[in-house]
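# Structure assessment
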Amino acid sequence: MTDRTDDDPIEQGDVPEPGGKRPGNHAENESEPEGTQADPTEDERDLEPLKEFILEEVGRRLSASAGGSLQVILGRDFLNSTIGNGAVTSGAGAQSIALGFEIPGARIEAVKHTYLPPVCYFDLQSRLDEHRLLILRARRGWGGTVTAVRLLCDDHERIQQISEVDGRLSALRLDELERGSGLIVENLGPEQLRELASGQAERLSAKLKQLEARAVVVVDESSLRPDHRMERFVADLAAHPDPRRLVESHLAERLGSEESARELLSADTLAAWFAAAPVGDGFDAHLLVGLAHDLAEGVQAGGGVEEALERFAERSESDTDNWFDGIANHGTPSVTALALTVAVLEGLPYGTVSRVAGALERILAGDLPAEGRERNEPRRVRRTQVLKTVRAKLTTERRNGRLQNEDEVISFQDDRYRRHVLDLVYEYGFENEILPWLRELTVDREVAVAVCAAEVVGHLGKFDFRRIQTEFIGPWARSPRPYDRELAVIALAVLAREARTLHAVTRLVGDWSRKKLGPLRRTAARALGAGIGPLMPAGPDDLLDRLAEGADRPLAKAIGSSIAELFALADTRRRIVLLDMLCEWSEESTAWNGFAGIAGFVECGRIRLTLSFNGERVRWPLLLVLSSFDGTFDREQAGGWDQEATGRIRDLTAALIASAAADSALLPEFERMLKGWASDAEQHPMLAREIDELLAEAAESPGGGRNVEYYRRNLLDGLQIDAES
């Protein structure tokens, strides 16, 4: 395994180093009190497993915007937003979000023929017509997306759909929306919902009117409470269609005859089935459409209604409670263990999941009496049968990191199962078996396993916060190992996205920031990054400012990593605020006070923006792009910014370069950042001129002078500066 230096371009998904060690027998070099300096080489050496995992896993698990620290892996499931962004990607990242995919015309036509409008439909239609934007609150399974398609399809031939927004709503590239088109946006996270309530709904509405376009934002009924600033845009899908009528409409579409559909549904067996069909919270339109499919398929194949219902029950049943009840109370330890392990490690290779499930199986089997163990002794069962029992599937995925290979990864057939199965852990009394097992997983040889275990620990904290804090989060946060502290932040980041535990999490992090114990302060600093910082009602800046006072090297690097995460996720105005804060810190004259400012700047300087240049996809230093006055860069690809903002970012960047060049304590880190810039300039000579001009301005800043001129001469020596670029 080779070290990656800043001389190498940062890969997509690569990040400012998260400050963590791999578990193991390592020298404990971070247990010294605040104000003393740790050996930096000890920190760097044990981060390699994390770096490898980030390069190989993050890009695969998240969209192209993924990055940040170890915390970013959480964005794949529990969190509906990306919480780390070490590499910002134009077209999918936090800076500029593409408009998803176009819904095929065939699907739109099918919706026109099968959709059953609820009583409230015309109210939804009039509200959308008036404001060009409708925020549709719907229960899961009631057909919110289909309703959105139907609302738009009469007036818009083309409809774009964004299934998940990675980043800020303000970064949506609405200018790419064809005039007169429709747009559907789904699965917004907590931060994006707050954006809507804080004025983004009005801005979206105004922009859509300019484009003569309309958009429907579909949100879960329980996730959004109407705010007076957005209530005119919000409407509820107040009712679901009648189960029988819904099946009949889809069956008629498939059979090509309404009469044939009605005749088939008149069977006594189906009448009894519809009488017991779930309504209200248990209604699931997707399942009923599946029933229509199975009935049509059975008729066309010459089968009967009973056979079609049986096939439907086997293939499409989504009653997770009954299914899991059967596994928990009547399944063998091996089956129960595999179902729980898939819930914890969903999306990882089958071999890894099978290995880890073996340890849980032994724990579960150990709780059985001797006769129970004999009765439940596992038999040799085909893998396909086991997967069917736990309702899981295998898919082949190619890893896009340094190791180019294909893996069979395992996941549930229904993407709703994972969260629901984990919610049942406490209900079925598995916590005393699961929690010790999860503790073992957090020191597993595979980093991905440890990360998933930590996020599940956080998820279970909503059921027993005190126990999770006492047995897991607290010891991790106090650990001298940075790796353990990252696990604490992962668990806290999940808990922070639960409304009932957010206050407890923010209060805990605030308390840690006031402690004298070094590890707790470093954990607080990392928590204030993209994991928890943006969710804090008052924001993270005051606590970060307090931690920066007198910060030693390890604490400064923790603060710097968090600042870089916040910087990558921020809009232009917020980035200026963060750079200004770094400047204030770097100018502090008291010993150690400048550490955090320089460390944060260096980490921000390592962030790459992926964008298009002359038809080529390139990754260039984000700070260079943001501080450029000429036409080398396309501002729209970086989220857009004006001349005044460019000047301010350029001045702050030059001042920070001058401060870093004069600070001998963090000179190696600063030099690696500059060498990374020079490496980019070797591949793209137009960057050399940008770097030269920025360094020239830095040399004129207070404290710059000969120090910056030295780097200017030596860094650019041998590089061709394109004066016409």
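Residues numbered from 1 in each chain as written. Predicted model: local features only at pLDDT ≥ 70, side-chain atom pairs only at ≥ 80, totals over all residues. Heavy atoms only, no water.

This part is about the overall build of the protein. Along its length, the protein carries 32 helices and 11 strands. Out of the 725 residues in the protein, the part that is buried amounts to 58%. Contacts in the protein between residues at least 24 apart in sequence constitute 72% of all its contacts with a sequence separation of at least 6. Within the structure as shown, the protein displays about 30100 Å² of accessible surface, and the carbon and sulfur contribution to it stands at 46%. (Helix = DSSP H or I, 4+ residues; strand = E, 2+ residues; numbered from the N terminus. Buried < 20%, exposed > 50% of the residue type's maximum accessible area, 1.4 Å probe, protein only. Contact = heavy atoms within 4.5 Å. Areas by Shrake-Rupley, 256 points an atom, 1.4 Å probe, with all protein chains shown as cover.)

A cluster of acidic side chains, namely D542, D545, E549, E584 and E587, defines a negative patch on the protein surface. In this structure, E549 sits in the loop between α24 (541–548) and α25 (553–569). Owing to a relative accessible area of 53%, E549 belongs among the exposed residues under this scheme. (Patch = residues over 30% accessible without salt bridge, like charges linked within 9 Å, V, L, I, M, F, W, Y side chains within 5 Å. Salt bridge = Lys/Arg side-chain N within 4 Å of Asp/Glu carboxyl O. Lys, Arg positive; Asp, Glu negative; His and termini not counted. Charge placed at Lys NZ, Arg CZ, Asp CG, Glu CD.)

This next bit is on the nonpolar core. For soluble globular proteins, nonpolar side chains are generally found buried alongside one another. Ranked by internal contacts, the top residues of the largest apolar core, which has 143 residues, are L438, I559 and F670. Examining the composition of this core, we find that 11 residues originate from one element, helix α19 (residues 447–460), more than from any other. Non-local contacts of I559, meaning those with residues more than four positions away in its chain, are made with A525, L544, L547, A548, A551, W585 and A596. With 43 residues, the next largest nonpolar core counts Y121, A235, A296 and V305 among its residues. (Core = buried A, V, L, I, M, F, W, Y, C linked by side-chain atoms within 4.5 Å.)

Moving on to the pairing of strand β3 (residues 133–138). A regular strand places its side chains so that they alternate between the two faces of the sheet. Within β3, six of the six residues are buried, which leaves it mostly tucked inside the rest of the structure. Strand direction decides the pairing type here: β3 and strand β7 (residues 234–236), joined by three bridges, are parallel. Across the sheet, I135 pairs through a bridge with V234, a residue of β7. (Pairing = 2+ DSSP bridges.)

Moving on: helix α21 (residues 482–496). Its 15 residues place the ends of α21 21 Å apart at the C-alpha level, agreeing with the 21 Å of an ideal helix rising 1.5 Å per residue. Where burial is concerned, most of α21 is hidden: 15 out of the 15 residues are buried. (Expected span 1.5 Å × (residues − 1).)

What follows deals with the pattern of salt bridges. Opposite charge on two side chains makes pairing possible when the charged atoms of those side chains draw close. With the rule as written, the count across this model stands at 30 salt bridges. One salt bridge in this structure joins E109 and K112, with 3.5 Å as the shortest N-O distance. Highlighted residues: E109 and K112, both in helix α3 (residues 105–114), separated by three residues, approximately one helical turn. By relative accessible area, E109 is classed as partly exposed at 37%.

Look at R132: it is not a glycine, yet its phi comes out positive at around 65°. As for its placement among the helices and strands, R132 is situated in the loop between α4 (121–131) and β3. Positive phi, normally seen in glycine, also occurs at R391, with a value near 55°.

Take the side chain of K462 next. Mapped onto the secondary structure, K462 falls in the loop between α19 and α20 (465–478). Under the relative-accessibility criterion, K462 is labelled buried at 12%.

This brings us to the side chain of E565. Within the fold, E565 resides in helix α25. When its relative accessible area of 2% is taken as the criterion, E565 is described as buried. Within the structure, E565 has its side chain in polar contact with the side chain of R526 (distance 3.0 Å). (Polar contact = N/O pair within 3.5 Å; in protein donor to acceptor, adjacent residues only side chain to side chain.)

For the coordinates displayed, the defined rule picks out 12 aromatic pairs. Relative to Y711, the ring of Y710 lies with its centre 5.2 Å away and its plane at 75°, an arrangement referred to as edge-to-face. On the basis of relative accessibility, which here comes to 43%, the residue Y710 falls in the partly exposed class. You can call Y711 buried: its relative accessible area is 12%. Ring pairs connect the aromatic residues W323, F324, F412, Y417, Y428 and F430, which therefore count as one cluster. (Phe/Tyr/Trp six-rings, centres within 6.5 Å; stacked < 30°, edge-to-face > 60°.)

On to the pairing of strand β5 (residues 182–186), then. In terms of residue burial, β5 counts as a mostly covered element, since five of its five residues are buried. Of the two faces of β5, the one holding G182, I184 and E186 and the one holding L183 and V185 are both buried throughout. Looking at chain direction, strand β4 (residues 159–162) and β5 are connected through four bridges and run parallel. Bridge pairing in β5 links I159 to G182. When β5 meets strand β6 (residues 214–220), the two strands line up parallel, connected through five bridges. Residue pairing across strands places E186 opposite V218, the latter belonging to β6. Once you follow β5 into helix α6 (residues 190–210) and on to β6, the crossover reads as right-handed. (Right-handed = clockwise from strand over helix to strand, strands pointing away.)

Moving on, we get to the environment of E157. Relative to the assigned elements, E157 resides in the loop between α5 (144–153) and β4. Here E157 falls in the exposed class, since its relative accessible area comes to 76%. As a C-alpha pair, E157 and S181 span 24 residues in sequence and 6.9 Å in three-dimensional space.

Next up on the list: the UniProt feature "coiled-coil region" (unreviewed entry) in the protein. The UniProt feature table records "coiled-coil region" (unreviewed entry) at residues 194–221. Taken end to end, residues 194–221 is 61% helix and 25% strand, and its first and last C-alpha atoms sit 15 Å apart. (UniProt positions renumbered as here; feature names shortened; annotations may be inferred.)

A few words now on the confidence of the model for the protein. In this model, the protein carries an average pLDDT of 75, and 75% of its residues clear a pLDDT of 70 or more. Looking over the protein, one finds the lowest element-wise mean pLDDT in strand β1 (residues 87–89), namely 34, and the highest in α20, namely 95. Low pLDDT, under 50, characterises residues 634–639; the predicted model gives this stretch 17 contacts beyond four residues in sequence or across chains. (pLDDT = per-residue confidence, 0-100.)

What follows concerns the packing of helix α31 (residues 686–699) against helix α32 (residues 705–715). Packing of α31 against α32 leaves a shortest axis separation of 8 Å and a crossing angle of 165°. On the basis of their axis angle, the class for α31 and α32 is roughly antiparallel. You can see that α31 and α32 cross each other, and the crossing is left-handed. On the side of α31, the interface is formed by I691, D692, L695, A696, A698 and A699, while α32 contributes G705, V708, E709, Y711, R712 and L715. Of the residues belonging to the contact of α31 with α32, the class tally is eight nonpolar, one polar and three charged. (Axes fitted to C-alpha atoms, helices over the stretch in contact; angles between N-to-C directions. Parallel < 35°, antiparallel > 145°, perpendicular 65-115°, else oblique. Left-handed = near helix turned anticlockwise from the far one by under 90°. Nonpolar A, V, L, I, M, F, W, Y, C, P; charged D, E, K, R; others polar.)

A word on the environment of D154. Mapped onto the elements, D154 comes out in the loop between α5 and β4. Each C-alpha atom of the pair D154 and K112 lies 8.7 Å from the other, and the pair is 42 residues apart in sequence. Looking at D154, its side chain comes within polar contact range of the side chain of R150, at 3.1 Å.

Here the focus is the packing of helix α22 (residues 499–513) against helix α23 (residues 518–527). Relative orientation of the contacting elements α22 and α23 amounts to 135°, with a least axis distance of 8 Å. Classified by the interaxial angle, the pair formed by α22 and α23 is oblique. As α22 packs across α23, the resulting crossing turns out to be left-handed. Across the interface between the two elements, V509, W512 and S513 from α22 touch L520, R521, T523, A524 and A527 from α23. A breakdown of the residues in the contact of α22 with α23 according to their chemical character gives five nonpolar, two polar and one charged.

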